[in-house]
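Take a look at the letters that make up each chain.
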Amino acid sequence: MRYSQSLARSAKLSLAFSTTVAVLGSSAFAQILTTNDDTLTTYRAGVTAVQGLRPRPEQRGVNHDGSMRKASTHRLAVAGNPFERVWSGEAELNGVRLDTGTWTTSDVDISLPASSPWVVGRSYNARQDNSGHLASNGYQGFNWAQSSQPEIVLYEHASDDAQDVLYLVYGADRYAEFKRASSTANTYKGTNGAAGVFERTDASPDTWAYYAPDGVVATFFGFDTADADHKGQIWKVADPAGNVAYVGSTSSASAALSAGYDASGRITDAYDSAGRHFDYAYTGSAIGGVTRLESVIVTSGATEVARVEYGYYGTEAYGEAGDLKTVTTTTPLTDSGVNDIRVKYYRYWEGSHDPEADPPVLGHDHAIMLVLEAEGARRYDWNEGGAGEPEFDSGFTSASTATLKSYASGYFEYDSSRRIQNAMFAGNCGCGSAGSGSFALSYGTSGYTNDAGYDNEAARRTVVDMPNCATAPSTTVTPWITQYFDELGQALSRVEHDGDPSGSPTSWATHVTRDATGCVVTIGTPASITTYTHSSWAITDGSVGLVRVYDRVASGEATGFLADELWREGSGGTEEFLKSHVWWTNKATKGFTSPTITLVRPLVKEQWEYPELGESQYGSTANKIDYDYTTYSGVSQPLALTTSTATEAAVSSGKNGDTGSGLTVATHYTLDGSDDFNARNDGGNRIVRYKLRVQGLVTEIRNDADTSALESADQLRRHGLGPN
């Protein structure tokens, strides 16, 4: 295949790479991915001030290799290397994290188009920890978190101020860490896989601004506010173009506190950059001892454009008082009152875990038993029999659990450690598609020693008994998988079995190793494995079979980033190059002082592919794409890209090309990060594509080979797209 065919894909990869961040200055801040031993396997901060959240140490939102694990609904690019895609294994199964045994959702209830949107959504975590099990009891319900109100929490070391850590908790099951730059610094650098810089401004109240790698700035209230309930709360999120989503007021922190929050620190009034008003309303009385979020209603001017309403259990069955029961979203479809109304429904276990009870209690208080998504709720009401039916009357709330299982997106049973041990998805249809049927999970530990620093050995594993599947009309196979994890919950080796691995099934192991920084360096395919011993967790590599090798950048800002992809046969075969990556680290920077720190936006500089065996790194027969970038000038938006240009080498006629110049693709970006012009130039043939966006939505696309019909040469040059 001609190399130019991969150019568009590579250009997208280049832009994706552009959102990583490094912190430079002293040698301690010379690389993006760093390890903070003090907090590596211990969560040291207290619960958040308003929602009362405290995730477990292994529930970071990012992996230690910098890849994203759980994102934020706000524009918070916290992943140190979000482009790391080498290996994720089977770390998650239909929302169940296999390392922690928790169901973790990222539901979005309201999301409207805007340059800087304000998104209303929820996350859930039934295994929070605060020196023992914690069932958080915030306004969204037990174990739930409202994602539109992330919080920061400061951990102050008892004897060493340089070991202070700021925690960004942006969900019930996700957080990121930022370590203080020095004992007197007002800046905190992303660590343990996280990216970005927090900077404290001393005022009344003090504020903490998070500078993301793409130029977005999110500002939080600090810890010097007049009352504890407002400490660490989100204030506003601004893109480099100045589009702001905010709570209360954009300009005054004190005004925002009084206009946007109630006395308990809960958001009451928020706005997106399109000017829409998000009105948060709470219950008039406590439910389960806490005032709960009742609704969020969005208006544009005097017109309602969206709403979500939350219902909670009181004294009825299937939930304790304060458990989230229903989520009802309403989207107006016309100006005359026609609405799209959707209801989600949740059931919980009640009482103490007791498998021997009659009936057995296979869960714990506040642990979700059953999830009925909107379509399952609609179908149950439509199929419900009896007088006056079908009628959309929420009949599912009184149906038996056994009846609802066939409509449910998920059903969960737990072990004594609050981990999911049996799960059912997609109505237990057993239809063979991914995710359907029943799954049995069991957990094991290796007895590894938690030494200082990162340990790359297997610390835990989860064995999953998958639903039976038919391989032929008369043949049924019971598949199993075993997924291994390191101490931080990063996926290691994965093994597939055609039966119970405690017996003597046939097993196919994929052997994954990580280096001392937590980055994957080899993946041995099943063909390269000679033996797998389930009882001892041992995998033996052989001398034949495909092994993929990943060389990492050894020094500098991009240490740990992918440098070369290679392959070899077996453990000792000759390594052959597949791809190489070279990085820019000086194209977009932002400086901080006290101490001097430079925030760097790494960008891919070169990408190489090696179509022939025996090719040396950057050899003469390799295919290469060069990338270059320009940025917006000015101290307020130095991380924002103006243009990116990808240029491949000319393809000779002997390789079915021409003798002219290589294909060049140049893209221009607006300050908010959207692309508006794309110009392709192949040997003098120029095609320009134009996009017009309003509040983040494309309203016009124009493909025009005659660029004079769209823009003059001078205008194109001003967009960084070169001569017409």
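Above this text sits the structure in question.
What to know about the packing of aromatic side chains
Here comes step 1: Per the counting criterion, the structure on display carries 31 aromatic pairs.
Here comes step 2: Ring centres of Phe 198 and Phe 220 lie 5.9 Å apart, and the angle between their planes is 55 degrees; this geometry places the pair in the tilted category. Of this pair, Phe 198 sits in strand β16 (residues 197-201) while Phe 220 is found in strand β18 (residues 217-221), placing the two residues 22 residues apart along the sequence.
Here comes step 3: The structure contains a cluster of three or more aromatic residues connected by ring pairs, namely Trp 103, Tyr 124, Trp 144, Tyr 346, Phe 412, Phe 425 and Phe 439.
Here comes step 4: The ring of Trp 584 has Lys 605 lying over it, and the distance from NZ or CZ to the ring centre is 4.3 Å.

Comments concerning the pattern of salt bridges
Here comes step 1: Throughout the structure, instances matching the rule amount to 34 salt bridges.
Here comes step 2: Where Glu 304 meets Arg 307, a salt bridge forms, and the shortest distance between an N and an O atom there is 2.8 Å.
Here comes step 3: In this structure, Arg 568 engages Glu 575 in a salt bridge whose closest nitrogen and oxygen atoms are separated by 3.2 Å.
Here comes step 4: Each of Asp 107, Asp 109, Arg 122, Lys 344 and Glu 373 takes part in one network of salt bridges that share partners.

Considering the pairing of strand β30 (residues 437-445)
Here comes step 1: Where strand β29 (residues 420-425) meets β30, four bridges bridge the pair, whose relative direction is antiparallel. Along β30, the bridge assignment pairs Ala 423 with Phe 439.
Here comes step 2: The pairing of β30 with strand β31 (residues 460-465) spans six bridges and is antiparallel. The residue of β31 that forms the bridge with Ala 440 is Asp 465.

Section: the sheet that holds strand β2 (residues 92-93)
Here comes step 1: Read across the open sheet, the three strands follow the order β2-β3-β4; overall the sheet is antiparallel. One side of each edge strand has no neighbouring strand; the edge strands of this open sheet are β2 and β4 (102-103).
Here comes step 2: Inspection of the sheet shows β2 paired to strand β3 (residues 96-97) by two bridges, in the antiparallel sense. Within β3, the residue paired with Leu 93 across the bridge is Val 96.

Section: the side chain of Glu 565
Here comes step 1: Tracing the chain through its elements places Glu 565 in strand β41 (residues 562-569).
Here comes step 2: Buried and unpaired, Glu 565 has no salt bridge, with Lys 579 as the nearest side chain of opposite charge at 4.8 Å.
Here comes step 3: Excluding anything up to four places from it in sequence, Glu 565 contacts Val 549, Tyr 550, Glu 576, Phe 577, Leu 578, Lys 579 and His 581.

Points about the nonpolar core
Here comes step 1: Trp 103, Trp 118, Phe 198, Phe 278, Tyr 280, Ile 368 and Phe 412 are the most contacted members of the largest nonpolar core, which totals 92 residues.
Here comes step 2: If one sorts the elements of this core by residue count, strand β27 (residues 368-372) sits on top with five residues.
Here comes step 3: The contact partners of Phe 198, leaving out residues within four places of it in the chain, are Ile 152, Leu 166, Leu 168, Phe 178, Asn 186, Thr 187, Tyr 188, Trp 208, Ala 209, Tyr 210 and Phe 220.
Here comes step 4: Within the second largest apolar cluster, 16 residues are counted, among which are Trp 583, Trp 584, Tyr 629 and Leu 641.

Procedures and definitions
Residues numbered from 1 in each chain as written. Predicted model: local features only at pLDDT ≥ 70, side-chain atom pairs only at ≥ 80, totals over all residues. Heavy atoms only, no water. Phe/Tyr/Trp six-rings, centres within 6.5 Å; stacked < 30°, edge-to-face > 60°. Helix = DSSP H or I, 4+ residues; strand = E, 2+ residues; numbered from the N terminus. Lys NZ or Arg CZ within 6 Å of the ring centre and 35° of its normal. Salt bridge = Lys/Arg side-chain N within 4 Å of Asp/Glu carboxyl O. Pairing = 2+ DSSP bridges. Buried < 20%, exposed > 50% of the residue type's maximum accessible area, 1.4 Å probe, protein only. Lys, Arg positive; Asp, Glu negative; His and termini not counted. Contact = heavy atoms within 4.5 Å. Core = buried A, V, L, I, M, F, W, Y, C linked by side-chain atoms within 4.5 Å.

Purely geometric stuff here, so don't read any function into it on its own.
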